[in-house]
Amino acid sequence: MSEANTVTVQIEDAVAIVTLNRPAKRNAMSPTLHLEMADVLEKLRYEPASRVLIITGAGESFCAGMDLKQFFMDLKDNPPEFDRIFRIATEWRFRTLRYYPKPTIAMVNGYCFGGAFTQVCACDFAIAADEALFGLSEVNWGILPGGIVAWNVAQVLNFRDALYYAMTGDTFDGKKAREIGFVNRSVPLSELRQATIAFAKKLMEKSPAAMRYTKEAIRAVRFMNEPQANDYLSAKSDALRLGDKEKSREQGMTQFLDEKSYRPGFGHFKRKASQPAK
Ligand code: ACO
């Protein structure tokens, strides 16, 4: 593996744009890319200059899934290394991103195949180009959807669509991805970057602690029954009040009830403190 810079980072106005950078290989995820991505996410987690994370791909592709040569073929006779890379690949694309302390957006600019579905599902939001092309291509070469992808699509898509796309390998574009609920919205490719950054800036107006705890709560209650959810959410609310260094609740109440400077129904209070999410 003699690659480097398989991931690039650009931080602008507190938005970190993380780009998978193997355009000649359609940003297929090589072992080096997994290692570099894990490192980048770790650094950005604690980087106060970045408040929202956007993940995208260089060139015409978002990500063509796992690198079939470098991951499956080159490591087939090296089970410990295969296992090490597989664990790192699973960790950043699933647990790290799902519970990332800052909002995350997948900006799907082009091809999105197989294992790339994992990071799209793990991001809090996904915005696609109308022209993007998605596919669960694994069935086309005789394997199950990669890693945790089958579970992901069973969670995110309705059941019929999950079965249909996993069993046929048919591709769908960004507009269809929106229609079946795989992404939040799709826009023409020429507007994708601007629209995604505008959305990231909207997220930055909110209390970082409230955003983070809300994300964790919505993800957690999905798999709980009602009594468990009630108990968990009550404890989570207390944890938010304790953990919110900006005291958003107090600021929000005062600005609405005393200062009458905003209406919570129509928008967010004006944040007085701007501290990095911990
Ligand atoms: N693994 C390894 N190499 C890849 C991958 C991949 N997943 N995807 C593309 N490449 C390489 C090609 O081998 C080619 O390399 P070369 O220039 O050295 O020959 C280069 O990227 C460009 O690929 P092309 O096929 O020539 O590009 P094109 O734009 O015509 O097609 C497409 C792009 C549709 C993404 C096609 O490359 C493809 O089908 N890739 C495989 C997609 C896939 O099935 N991904 C799921 C993998 S399984 C998993 O993730 C669990």
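Residues numbered from 1 in each chain as written. Predicted model: local features only at pLDDT ≥ 70, side-chain atom pairs only at ≥ 80, totals over all residues. Heavy atoms only, no water.

### Quick word on the domain arrangement of the chain
- When its domains are assigned, the chain resolves into domain 1 (7-203) and domain 2 (205-278).
- Taking only C-alpha atoms, the centre of domain 1 and the centre of domain 2 are 28 Å apart.
- Residue-level contacts link 20 residues of domain 1 with 14 residues of domain 2.
- Overall, the association of domain 1 and domain 2 removes approximately 1,400 Å² of surface from exposure, summing both partners, and the carbon and sulfur fraction of that is 48%.
- The shortest N-O distance in the salt bridge between D124 and K215 comes to 2.9 Å.
- Between the two partners, domain 1 and domain 2, sit 11 residue pairs in polar contact (both at pLDDT 80 or more).
- Elements with a contribution of two residues or more to the side of domain 1 that touches domain 2: α3 (79-98), α4 (116-122), α5 (149-156) and α8 (189-204).
- The greatest single-element share of the side of domain 1 that touches domain 2, amounting to 3 residues, is contributed by α8. (Domains from an automatic or database assignment. Contact = heavy atoms within 4.5 Å. Buried area = accessible area lost by both parts, 1.4 Å probe. Salt bridge = Lys/Arg side-chain N within 4 Å of Asp/Glu carboxyl O. Polar contact = N/O pair within 3.5 Å; in protein donor to acceptor, adjacent residues only side chain to side chain. Helix = DSSP H or I, 4+ residues; strand = E, 2+ residues; numbered from the N terminus.)

### Description of the packing of helix α9 (residues 208-221) against helix α10 (residues 226-243)
- The N-to-C vectors of α9 and α10 enclose an angle of 165°; their axes lie 10 Å apart at closest approach. Taken as axis vectors, α9 and α10 run roughly antiparallel relative to one another. The two elements α9 and α10 cross, and the hand of that crossing is right-handed. Across the interface between the two elements, A209, A210, Y213, E216, A217, A220 and V221 from α9 touch A229, Y232, L233, K236, A239, L240 and G243 from α10. (Axes fitted to C-alpha atoms, helices over the stretch in contact; angles between N-to-C directions. Parallel < 35°, antiparallel > 145°, perpendicular 65-115°, else oblique. Left-handed = near helix turned anticlockwise from the far one by under 90°.)

### Digging into the side chain of R93
- Mapped onto the elements of the fold, R93 is located in helix α3.
- Among buried Asp, Glu, Lys and Arg side chains, R93 stands out as unpaired, with E138 the closest opposite charge at 8.0 Å.
- A polar contact of 2.9 Å, which involves the side chain of R93, links it to the backbone oxygen of A89.
- Those residues within four positions of R93 in sequence are excluded, and the remaining contacts are M29, H34, M66, G115, T118, Q119 and A122. (Buried < 20%, exposed > 50% of the residue type's maximum accessible area, 1.4 Å probe, protein only. Lys, Arg positive; Asp, Glu negative; His and termini not counted.)

### Here's the deal with a positive patch on the surface
- Among the surface-exposed residues, R241, K245, K247 and R249 lie close enough to one another that they form a single positively charged patch.
- Residue placement: R241 occurs in helix α10. (Patch = residues over 30% accessible without salt bridge, like charges linked within 9 Å, V, L, I, M, F, W, Y side chains within 5 Å. Areas by Shrake-Rupley, 256 points an atom, 1.4 Å probe, with all protein chains shown as cover. Charge placed at Lys NZ, Arg CZ, Asp CG, Glu CD.)

### Here we look at α5
- Taken together, the buried positions of α5 are occupied by V149, N152 and V153. One face of α5 carries all of its buried residues, which in axial projection span an arc of 90°.
- Elements that come into contact with the buried residues of α5 comprise α3, α4 and α6 (159-168). (Arc of directions from axis to C-beta.)

### Brief notes about the environment of F86
- As for its placement among the helices and strands, F86 is situated in helix α3.
- It is 17 Å that separates the C-alpha atoms of F86 and A122, two residues lying 36 residues apart in sequence.

### Structural notes on the sheet that holds strand β4 (residues 61-63)
- Pairing in this open sheet of 4 strands is mixed, and the strands run β4-β6-β8-β9 from one edge to the other. The sheet terminates laterally at β4 and β9 (171-173), the two strands that pair on one side only. Looking at each pair of strands side by side, their axes are set apart by 20° on average, direction ignored.
- In terms of strand pairing, strand β6 (residues 111-113) meets strand β8 (residues 133-135) through 3 bridges, oriented parallel. Within β8, the residue paired with Y111 across the bridge is L133. (Pairing = 2+ DSSP bridges.)

### Looking at the pattern of salt bridges
- Here the structure, examined in full by the defined rule, presents 17 salt bridges.
- We note a salt bridge from R22 to D67, for which the minimum N-O separation is 2.9 Å. You can see R22 sitting in the loop between β2 (15-20) and α1 (31-45) and its partner D67 sitting in the loop between β4 and α2 (68-73), a full 45 residues away along the chain.
- A relative accessible area of 7% means that D67 is categorised as buried.
- Residues D74 and K69 are paired through a salt bridge, measuring 3.2 Å at the closest nitrogen-oxygen approach.
- On the basis of relative accessibility, which here comes to 54%, the residue K69 falls in the exposed class.

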